[in-house]
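Each chain, letter by letter, is given below.
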Amino acid sequence: MATRRVVQVYLDLLSQPCRAVHILLNCNKIPHTVRTVALRKGENRTPEFTKLNPMNRVPVMEDNGFVLTESDAILKYLAVKYEVPEHWYPRQPEKRARVDEYTAWHHNNTRPHAAKVFILEVLLPAQTGSPVDEGRLIRALSQLDETLDKLESMFLRRQPFLCGDDITVADLLAVCEVMQLMGGDRDILKDRPQLQRWRSRVQSAVGESFDQAHAVLYALRDRRKAKL
């Protein structure tokens, strides 16, 4: 009988979706091996990695020969396959639909709008040596502000988490995006107490897995502050 291998995940923890996968695996104690793929070094473009994912993106999951890309798909697969507590991706159709509703919205809203601010404020200046384009940054922050308004009014409303009373994979995807701006020492939620409380609830729900996943981001923030 063939021996089953543990899940392998290919991650760069400077990537928001990779951190979401990392948190789910660790806080649910799913046996796994992390294979680091440093995007800044081009390790996602090696022949070996391109064979796994021709799109050259992380995260990638390999489970006993089954390869899956896209964080949303990976999170939901892990939640179903490894029988984590049901609240992560509920079986009840209406509750599951709420999670799917947010994750579909996420990829055209929270993800690109938060990422754009990080790219303009942190990545492009680091890569090019050019100063921050303040005009573009102001417009990106305005767009992100509108997205955060919708996070509050459409999803969080008066409930503890984005999709109801319990944490789900939707919260992991969202919180990792808003945390990304910490890499530039910007707390985008500092004037949003409702979203601050939500972030704190997510952090409490996943315990030490939260800071473990974000350690690389905190280190980036500290290096940038030391240079100022």
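**Quick look at the sheet that holds strand β1 (residues 7–11)**
Then, in step 1: The four strands lie next to each other as β2-β1-β3-β4, forming an open sheet whose pairing is mixed. Of all the strands in the sheet, the pair left with one neighbour each is β2 (32–36) and β4 (66–69). Sheet twist, expressed as the mean angle between neighbouring strand axes with direction ignored, is 20°.
Then, in step 2: As defined by bridge partners, β1 adjoins strand β3 (residues 60–63) across three bridges and the pair is classed as antiparallel. Bridge assignment links V9 to a residue of β3, and that residue is M61.
Then, in step 3: Together, β1 and β2 form the strand contacts of helix α1 (residues 16–27), whose direction differs from that of β1 by roughly 150°.
Then, in step 4: Against the sheet, helix α3 (residues 71–81) touches β3 and β4, its axis set at about 135° to β4.

**Comments concerning the nonpolar core**
A general feature of soluble globular proteins is that nonpolar side chains tend to end up buried together.
Then, in step 1: L78, W88, Y102, L162 and W198 are the most contacted members of the largest nonpolar core, which totals 68 residues.
Then, in step 2: No other element matches the nine residues that helix α7 (residues 169–180) contributes to this core.
Then, in step 3: Apart from the residues lying within four places of it in its own chain, the contact partners of Y102 are T110, L151, F155, L162, C163, A170 and A174.

**Focus: unusual backbone geometry**
Then, in step 1: Between V58 and the following residue, P59, the backbone shows a cis peptide bond with an omega angle of 5°.
Then, in step 2: Mapped onto the fold, P59 is located in the loop between α2 (47–52) and β3.
Then, in step 3: Positive phi, close to 45°, is recorded for R157, a residue that is not glycine.
Then, in step 4: Relative to the elements of secondary structure, R157 occurs in the loop between α6 (134–156) and α7.

**Brief notes about the environment of K225**
Then, in step 1: With respect to the secondary-structure elements, K225 resides in helix α9 (residues 208–227).
Then, in step 2: Note on K225: relative accessible area 42%, which makes it partly exposed.
Then, in step 3: Through-space distance from the C-alpha of K225 to that of G183 is 9.8 Å; in sequence the pair is 42 residues apart.

**Remarks on α1**
Owing to its 3.6 residues per turn, the α-helix aligns residues three or four sequence positions apart on the same side.
Then, in step 1: End to end, α1 covers 17 Å across 12 residues, agreeing with the expected 16 Å (1.5 Å per residue, within 8%).
Then, in step 2: The element α1 is extensively covered by neighbouring structure, given that 10 of its 12 residues are classed as buried.
Then, in step 3: When we look at burial in α1, the residues that qualify are Q16, P17, C18, R19, A20, V21, H22, I23, L24 and L25.
Then, in step 4: Looking one or two places after α1, you find K29, whose phi comes out positive at around 55°.

**Focus: the pairing of β1**
Then, in step 1: Extensive coverage of β1 is indicated by the burial of five of its five residues.
Then, in step 2: Neither face of β1 is open: one carries V7, V9 and L11, the other Q8 and Y10, and all of them are buried.
Then, in step 3: Two elements, β1 and β2, share five bridges in a ladder whose sense is parallel. Its bridge partner lying in β2, V7 is registered against H32.
Then, in step 4: After leaving β1, the chain enters α1 and then returns to the sheet as β2, a path that is right-handed.

About the criteria used
- Residues numbered from 1 in each chain as written.
- Predicted model: local features only at pLDDT ≥ 70, side-chain atom pairs only at ≥ 80, totals over all residues.
- Heavy atoms only, no water.
- Pairing = 2+ DSSP bridges.
- Helix = DSSP H or I, 4+ residues; strand = E, 2+ residues; numbered from the N terminus.
- Axes fitted to C-alpha atoms, helices over the stretch in contact; angles between N-to-C directions.
- Contact = heavy atoms within 4.5 Å.
- Core = buried A, V, L, I, M, F, W, Y, C linked by side-chain atoms within 4.5 Å.
- Buried < 20%, exposed > 50% of the residue type's maximum accessible area, 1.4 Å probe, protein only.
- Expected span 1.5 Å × (residues − 1).
- Right-handed = clockwise from strand over helix to strand, strands pointing away.

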